[in-house]
Amino acid sequence: MTDLTDPRVARAIALAWREAELLDDKDYETWADLYTPDAWYVVPTDPSTDDFASSLNMVYDDDRMRRMRVARMTEGFSPSAVAAARTARTVSRFSVAEVSDAGVRLRAAQVVVAYKRGSYSVLAGDVTYQMILGATVDTDRIGGKVIRLLNCDDPVSASGFLL
Amino acid sequence: MTTPTAWSDDLVEADRVAGRLYTDPEIFALEMQRIFHRTWVWVAHESEIPSPGSFKTTTVGGEPVIVVRDRKGGINTLLNRCRHRGATVCDLPKGKANGFTCPYHNWSYGLDGALRGIPYPDGYEGVVDKADYPLGRLRTESYLGMIWATFNHDVEPLEDFLGDAKPWMERFFKQSNGYPTKVTGIHKFRFKGNWKIQLENTTDGYHFPMVHKSWMTSVDAETADMMSFMNDPTAVTHALGNGHSVAIMAQAHADLDVDDGTEEIQPRFAHLVDALVGHYTDAQIRRMMRSMHGCGFNLNTFPNVSLSLSFFRVLIPISVDETEIWHMALGMDGGPEIVNAERLRIHEHFQGPFGFGSPDDAEGWERVQRGAAASPSMPILVNRGQNREVTSPEGWPTSHVTDETGMREAYAMYRRMMSDD
């Protein structure tokens, strides 16, 4: 078991938390810049597949789709984004699948609580991150992220926010 | 003193319906009885249950059912309820089984619903004859691979019910280009609104440029142009009878067998063409590329399934103010996987809880549900295009695709069924 206080791991966890804060703050332009251009951001519907290209996903974003998604969330044309739920999320239960000076593959649990029109809803899932460590902390980037919702193959309701 | 009843015929008029139809729980309960327990309700596509023992679970009129293929290849829709004490006998959304065993006392049933086994049967000698206790069964019929079931064993044959929707179903499945159609994935979500709000939406061309501006600005110019039907006089809606209607958004794709050769293949599909050259004829490739976005129309069948451009839209009423939607992506079974994958990408772009289209629809529908609570007797208007509705040569009431002819057809059927007590 890898020591979570390993400085490389601590940087990776800090990056996951930085991303979580940006998403709760709906600061999508800054959020998108956390990703490397070749990173995939995926929310699958199939709980067991790793072949995302051949199966249906809720989100399957390369850089181009991610940039379009940011535009959608910010430009004011999307009624659901305009009326987006407020969110507060926690990311924890970290474990390390792989660590090197170049990067860290991290696994975590994420619980997103959303509030809209008098109702709270919860979206919980397992997240894997491929964190790319830069020369300095400021240049650490997300090289890939997969969110497996507990209810990915059942009805998922979300309103104008990202996981 | 007479007891007031929830339903009265004047709740639905030719050009308007009462807002109460979205909000009154008693009306919802009546709808379950008079519509969802009386007519054909779509339950599955045959590709979801491809071989003996394959099953899926869903609900019909709020009741849990299993749709399963038996050993002889027949399709059964069975009540998911043990005959002993009522537990569900199947708890999975889909799968493959040799039969169904109740988890409570292990009564076991065959794929045809027959009661096969009772543990410790001595307590039932002379009390229970297994032949008398099969799983409940709905009448089940299919057309072109689409499977419907009904509690009403006296209802007209499915094909009679589908009527003039049938030729449009045939056209819809032309997008599989000769391959069997298969369901390749499902987006499921719920919205806080009445099921009829969604029923209306699939024949509502009027909302598209407003609600889906975000999607329109994110796609390539050719795709946006295909869905720019607001001022296209060839984009029309036909009322087909029995509550069914077809909303044609891209007439050029409404019959994929018809190709005058003038349409340019969208540049976004160039990588597919490159991959297919040498493996398929030019004609096959052109045909597959022209069908990437589906059939050019939404065929809205009453009450719960639409064959919508390139996918199935299924609605499942949960309660008067909650509805579950399934958007089922489709591909060619045995066709080129690169094309099926691209169809998944097109589906993901619009559909699902994080798509660029569905969440914006759902926002509009939830706002309708909330707003309709104000003055529940105030009408919801479905009169757009009454001033320009004509009868087509086929005898179908017809107006522009942004008009509400399809909604009027659905509500006429709704009124007939709800008035029949």
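Note that the structure is a prediction, hence the values are computed from the model and not measured. (Residues numbered from 1 in each chain as written. Chains lettered and ligands numbered in written order. Predicted model: local features only at pLDDT ≥ 70, side-chain atom pairs only at ≥ 80, totals over all residues. Heavy atoms only, no water.)

A. Here's a closer look at the overall build of chain A. Across its full length, chain A holds 4 helices and 6 strands. From first element to last, N terminus to C terminus, chain A shows the α and β order α-α-β-β-α-α-β-β-β-β. Along the longest, intermediate and shortest principal axes, the C-alpha atoms of chain A span 45 × 35 × 30 Å. Every one of the 163 residues in chain A was classed for burial, and the buried ones make up 49%. Across chain A, the mean location of the 19 positive side-chain charges is 5 Å away from that of the 24 negative side-chain charges. (Helix = DSSP H or I, 4+ residues; strand = E, 2+ residues; numbered from the N terminus. Buried < 20%, exposed > 50% of the residue type's maximum accessible area, 1.4 Å probe, protein only. Lys, Arg positive; Asp, Glu negative; His and termini not counted. Charge placed at Lys NZ, Arg CZ, Asp CG, Glu CD.)

B. Up close: the overall build of chain B. Each helix and strand in chain B was counted, giving 13 helices and 22 strands. Against the compact-globule benchmark of 22 Å for 421 residues, chain B has a radius of gyration of 23 Å, which places it among compact chains. By its C-alpha atoms, chain B is 75 × 70 × 40 Å across when sized along the principal axes. Relative to its 421 residues, chain B shows a buried fraction of 56%. Counting every atom, chain B has about 17,300 Å² of accessible surface; 51% of that belongs to carbon and sulfur. (Rg over C-alpha atoms; globule rule 2.2 N^0.38 Å. Areas by Shrake-Rupley, 256 points an atom, 1.4 Å probe, with all protein chains shown as cover.)

C. Spatial organisation of unusual backbone geometry. The amide bond that connects F302(B) to the next residue, P303(B), takes the cis arrangement and shows omega of 5 degrees. Relative to the helices and strands, P303(B) resides in the loop between β16 (297–301) and β17 (305–308). Of note, the phi angle at K26(A) is positive, near 55 degrees, even though the residue is not glycine. Structurally, K26(A) can be placed in the loop between α1 (7–24) and α2 (28–32). Of note, the phi angle at N106(B) is positive, near 60 degrees, even though the residue is not glycine. With respect to the helices and strands, N106(B) occurs in the loop between β8 (100–101) and β9 (108–109). You can call N106(B) partly exposed: its relative accessible area is 42%.

D. Representation of the nonpolar core. The biggest cluster of nonpolar side chains holds 77 residues, and the ones touching the most others in it are F312(B) and Y414(B). Considering each element in turn, this core owes the most residues, 7 residues, to helix α13 (residues 405–419) of chain B. In contact with F312(B), not counting residues within four places along its chain, are W42(B), H45(B), M146(B), F172(B), F173(B), V183(B), S306(B), L307(B), W326(B), H327(B), M328(B) and L330(B). Grouped together as the second largest cluster of nonpolar side chains are 45 residues, Y28(A), A81(A), V96(A) and V104(A) included. (Core = buried A, V, L, I, M, F, W, Y, C linked by side-chain atoms within 4.5 Å. Contact = heavy atoms within 4.5 Å.)

E. Molecular detail of the sheet that holds strand β20 (residues 379–381) of chain B. Residues and elements named next belong to chain B. Reading across from one edge, β1-β2-β20 is the order of the 3 strands in this open sheet, with antiparallel pairing throughout. Both edges of this open sheet fall to β1 (12–13) and β20, since each of them pairs with a single strand only. As defined by bridge partners, strand β2 (residues 16–18) adjoins β20 across 3 bridges and the pair is classed as antiparallel. Note on β20: the bridge partner recorded for A18 is P379. (Pairing = 2+ DSSP bridges.)

F. Highlighting the side chain of S399(B). All names here are of chain B. For S399, the location among the structural elements is in strand β22 (residues 397–400). Of the residues examined, S399 reaches a relative accessible area of 4% and is grouped as buried. Within the structure, S399 has its side chain in polar contact with the side chain of T405 (distance 2.4 Å). With residues near it in sequence (within four places) discarded, S399 still touches V236, T237, G385, R388, E389, T405 and R408. (Polar contact = N/O pair within 3.5 Å; in protein donor to acceptor, adjacent residues only side chain to side chain.)

G. Representation of the pairing of strand β12 (residues 146–150) of chain B within the structure. Residue and element names in this part refer to chain B. Among the 5 residues in β12, 5 count as buried, and that is most of the element. Burial of β12 is two-sided: the residues M146, W148 and T150 facing one way and the residues I147 and A149 facing the other way are all buried. Inspection of the sheet shows strand β3 (residues 41–45) paired to β12 by 4 bridges, in the antiparallel sense. The partner of W42 across the bridge, within β12, is W148. Of the pairings in the sheet, the one linking strand β11 (residues 137–143) to β12 comprises 5 bridges and is antiparallel in character. Residue T140 lies in a different strand from β12, and its bridge partner there is A149. As consecutive antiparallel partners, β11 and β12 are separated by 2 residues, and within that stretch L144 has a phi angle of approximately 50 degrees, a positive value.

H. View of the interface of chain A and chain B. Chain A puts 35 residues into the contact, and the matching count from chain B is 31 residues. Between chain A and chain B, roughly 2,700 Å² of surface is buried when both sides are summed, and carbon and sulfur atoms account for 57% of that area. Scanning the region where chain A abuts chain B turns up 4 salt bridges. A salt bridge links R117(A) to E366(B); the shortest N-O distance between them is 3.9 Å. Taken together, the links from chain A to chain B amount to 19 residue pairs in polar contact (both at pLDDT 80 or more). Breaking the side of chain A that touches chain B down by element, the ones donating at least two residues are β2 (57–61), α3 (63–74), α4 (79–82) and β5 (119–132) of chain A. (Buried area = accessible area lost by both parts, 1.4 Å probe. Salt bridge = Lys/Arg side-chain N within 4 Å of Asp/Glu carboxyl O.)

I. Region of interest: the packing of helix α2 (residues 25–36) of chain B against α13(B). Residue and element names in this part refer to chain B. It is the contact of α2 with α13, at a shortest axis distance of 9 Å, that shows an interaxial angle of 90 degrees. Between α2 and α13, the angle falls in the class roughly perpendicular. Residues I27, L30, E31, R34 and I35 of α2 form the contact with α13, whose own contacting residues are Y414, M417 and M418. (Axes fitted to C-alpha atoms, helices over the stretch in contact; angles between N-to-C directions. Parallel < 35°, antiparallel > 145°, perpendicular 65-115°, else oblique.)

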